[in-house]
Amino acid sequence: MKASVLLVVLLACVVSGARAADRTVDAAAHPPPPMGWSSWNAFGCNIDARSIRRTADALLASGLRDAGYVYLNIDDCWQAARRDREGQLQADPARFPDGIRSLADYAHARGLKLGLYASSGSRTCANIWNEYPGRLGSLGHEALDARTFARGGVDYLKYDWCSADEDGVDAEAAFTRMHLLLGAVGRPIFYSIHREPQLPIDTWRPRIANAWRTTADIRPNWQTILRNLDQQVGLEAFSSPGHWNDPDMLEVGNGALGIEENRAHFSLWALLNAPLILGNDLTALSDAVRRIVSNRDVIAVDQDWAGTQGHKLRDDGETEVWGKPMSDGSFAVVLLDRAEQPVRVGLRAAEIGFSPDACLSVKNLWTGAEGLYRGEYADRVPAHGVSMIRVWSRPPRGNRAAQACK
Ligand code: GLA
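Rules and cut-offs
- Residues numbered from 1 in each chain as written.
- Predicted model: local features only at pLDDT ≥ 70, side-chain atom pairs only at ≥ 80, totals over all residues.
- Heavy atoms only, no water.
- Helix = DSSP H or I, 4+ residues; strand = E, 2+ residues; numbered from the N terminus.
- Rg over C-alpha atoms; globule rule 2.2 N^0.38 Å.
- Buried < 20%, exposed > 50% of the residue type's maximum accessible area, 1.4 Å probe, protein only.
- Contact = heavy atoms within 4.5 Å.
- Areas by Shrake-Rupley, 256 points an atom, 1.4 Å probe, with all protein chains shown as cover.
- Near = heavy atom within 4 Å.
- Polar contact = N/O pair within 3.5 Å; in protein donor to acceptor, adjacent residues only side chain to side chain.
- Disulfide = S-S within 2.5 Å.
- Pairing = 2+ DSSP bridges.
- Axes fitted to C-alpha atoms, helices over the stretch in contact; angles between N-to-C directions.
- Core = buried A, V, L, I, M, F, W, Y, C linked by side-chain atoms within 4.5 Å.
- Expected span 1.5 Å × (residues − 1).

A. Focus on the overall build of the protein. Counting its regular elements, the protein contains 13 helices and 16 strands. Its C-alpha atoms give the protein a radius of gyration of 23 Å, near enough to 22 Å, the size a compact globule of 406 residues would have. Going through the 406 residues of the protein one by one, you find that 53% of them count as buried. Across the protein, contacts joining residues at least 24 apart in sequence account for 69% of those joining residues at least 6 apart. Total accessible area on the protein stands at roughly 17,700 Å², and carbon and sulfur atoms take up 52% of it.

Right under this line is the structure:
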């Protein structure tokens, strides 16, 4: 081999080796949307160390940890009403007598990660809305608080915005500051921010945060779930691996949401690559709700990335079609019925980029049913519900019905 050819070959090897190495680093540095549980939706300020530990146990006993739900997030109201003599935030000694670190240790020993809540102004939201005692925001204490979180073994920080406007805080500067501080504490901390107003999304949010809220607080009713969904239109431009739009924590299993509404809520959040942060009482988990949130086919849609999060493909008023390309070349699709009556909703192959007469191999992700359809698919969608499917343009190998494309 001539020296020059050898050089080119060597260079190519080095470059492709570097690319392969980059990919490895990328996979570690840009994880899929986080999955876990947060105390807020079910418990608000009624939390203590015992209920958090029982939830950790429930994550394991229910199989949810093994389905991917590893974050155990303590939301607002964990703090004592005053900082300590050194100015550090401390856990309320009455409800968290052993402090945050012992809960982090408890979580870590069980393959879980611990999350904590803080806020960028002088007050947290619970101080404003729930009369929680103490002006416990991080304003003016950011560096110390970042160190406190790291020392406490925290793996996830939810950083809120309440009172920051009145305090004259500059949002970009404040959220960037905490991002930089967390980056310097020596342990990876998932950084979830809530800037108000949530929309429009400032271009700096995806640069500095792992997730950012895109809506006001969710509530366990169908109207709010649709409101939050409607606000996601167009936001697909902002997300990428490690940087997710957050239409707020899940309400699956809460309030008066029915089984179809719960399935719809979970399906749509998965299609949007949303953080899947459960918000229900896991110590009283019904079998029906457990089955919904541990549906591995639906979770796989949330965790997959093929260049874009799910987005609205068609809007027919009371019915909508949402879709998302999957990295194996298939498409995940949610057929949504917003209204009070069941209705038939169709999908044409061309709408998901397949040839108009393609033989569609369809798997219903809720019933498990599989079938082959020529050029289009339709399903009866329940009221306030969805049909969620995954569509391949060719029958999977070994499918005996391969010739039977209707
Ligand atoms: C805000 C947030 C909620 C919750 C509360 C806690 O309202 O949006 O998700 O964290 O604060 O006070």
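B. Molecular detail of the site of the ligand. Close to the ligand lie Trp40, Asp75, Asp76, Tyr117, Cys125, Ala126, Lys158, Asp160, His194, Arg213, Asp217 and Met249, which account for all nearby residues. In the model, an oxygen atom of the ligand is placed 2.8 Å from a nitrogen or oxygen of the Asp76 side chain. Here an oxygen atom of the ligand sits 2.5 Å away from a polar atom, N or O, in the side chain of Asp217. In isolation the ligand offers 300 Å² of accessible surface; the protein chains occlude 95% of this area. Every element with two or more residues in the shell around the ligand is listed here: helix H6 (125-129) and strand E4 (156-160).

C. Highlighting the state of the cysteines. Counted by the stated rule, this structure contains three disulfides. Each disulfide pairs two cysteine sulfurs, and for Cys45 the partner residue is Cys77, the sulfurs being separated by 1.9 Å. Of this pair, Cys45 sits in the loop between helix H2 (40-43) and helix H3 (49-61) while Cys77 is found in the loop between strand E2 (71-74) and helix H5 (99-108), placing the two residues 32 residues apart along the sequence. A sulfur-sulfur separation of 2.1 Å characterises the disulfide bridge that pairs Cys359 with Cys405. Here the disulfide of Cys359 and Cys405 is right-handed, its torsion about the S-S bond being about 115°. Taken as a pair, Cys359 in strand E13 (residues 359-364) and Cys405 in the segment after strand E16 (385-392) lie far apart in primary sequence, 46 residues in all. By the burial criterion, Cys359 is buried, and Cys405 matches it. Sequence-ordered numbering of the bonded cysteines in the protein yields a pairing of 1-2, 3-4, 5-6.

D. Spatial organisation of the sheet that holds strand E1 (residues 35-38). An order of E7-E6-E5-E4-E3-E2-E1-E8 is seen for the eight strands of this open sheet, with the pairing classed as parallel. Among the strands making up the open sheet, the edge pair consists of strand E7 (244-246) and strand E8 (276-278). When the angles between neighbouring strand axes are averaged without regard to direction, this sheet yields 25°. The pairing of strand E5 (residues 190-193) with strand E6 (residues 211-213) spans two bridges and is parallel. Residue Ile193 lies in a different strand from E6, and its bridge partner there is Trp212.

E. Molecular detail of unusual backbone geometry. Residue Pro197 follows Glu196 across a cis peptide bond; omega there is -5°. As for its position among the elements, Pro197 is in the loop between E5 and helix H9 (204-208). Omega for the peptide link from Leu199 to Pro200 comes to -5°, which places this bond in the cis form. Non-glycine residue Glu131 carries a positive phi angle of around 55°. On the secondary structure map, Glu131 appears in the loop between H6 and helix H7 (142-151). Taking relative accessible area as the criterion, Glu131 reaches 72% and is therefore assigned exposed. For Asn273, which is not glycine, the phi dihedral falls at a positive 55°. Tracing the backbone shows Asn273 in the loop between helix H11 (259-271) and E8.

F. Spatial organisation of the nonpolar core. Of all hydrophobic cores here, the largest spans 99 residues; its most connected members are Tyr69, Ile74, Trp78, Tyr191 and Phe266. If we ignore the near neighbours within four places in the chain, the residues touching Trp78 are Ile47, Leu89, Gln90, Ala91, Asp92, Arg95, Phe96, Ile100, Leu116, Tyr117, Tyr132 and Phe149. If you look at the next biggest cluster of nonpolar residues, it comprises 16 residues, including Leu335, Ala358, Val362 and Val381.

G. Quick peek at H3. The end-to-end C-alpha distance of H3 is 18 Å, a good match for the 18 Å that 13 residues give at a rise of 1.5 Å each. Taken together, the buried positions of H3 are Ala49, Ser51, Ile52, Thr55, Ala56, Ala58 and Leu59. The elements touched by buried residues of H3 are E1, helix H4 (64-67), E2 and H5. After H3 finishes, the residue Gly63 shows a positive phi value of roughly 85°.

H. Structural view of the sheet that holds E16. Taken in spatial order, the six strands line up as E9-E10-E11-E16-E13-E14 in an open sheet, and their pairing is antiparallel. Unpaired on one side and paired on the other, strand E9 (311-315) and strand E14 (370-374) mark the two borders of the sheet. The sheet shows a mean angle of 30° between the axes of neighbouring strands, direction not considered. With four bridges joining them, E13 and E16 adopt antiparallel strand pairing. Bridged to Asn364 within E16 is Ile389. In the packing of helix H10 (residues 222-230) onto the sheet, the strands contacted are strand E10 (319-325), strand E11 (331-337) and E16, and the crossing angle to E11 comes to about 135°.

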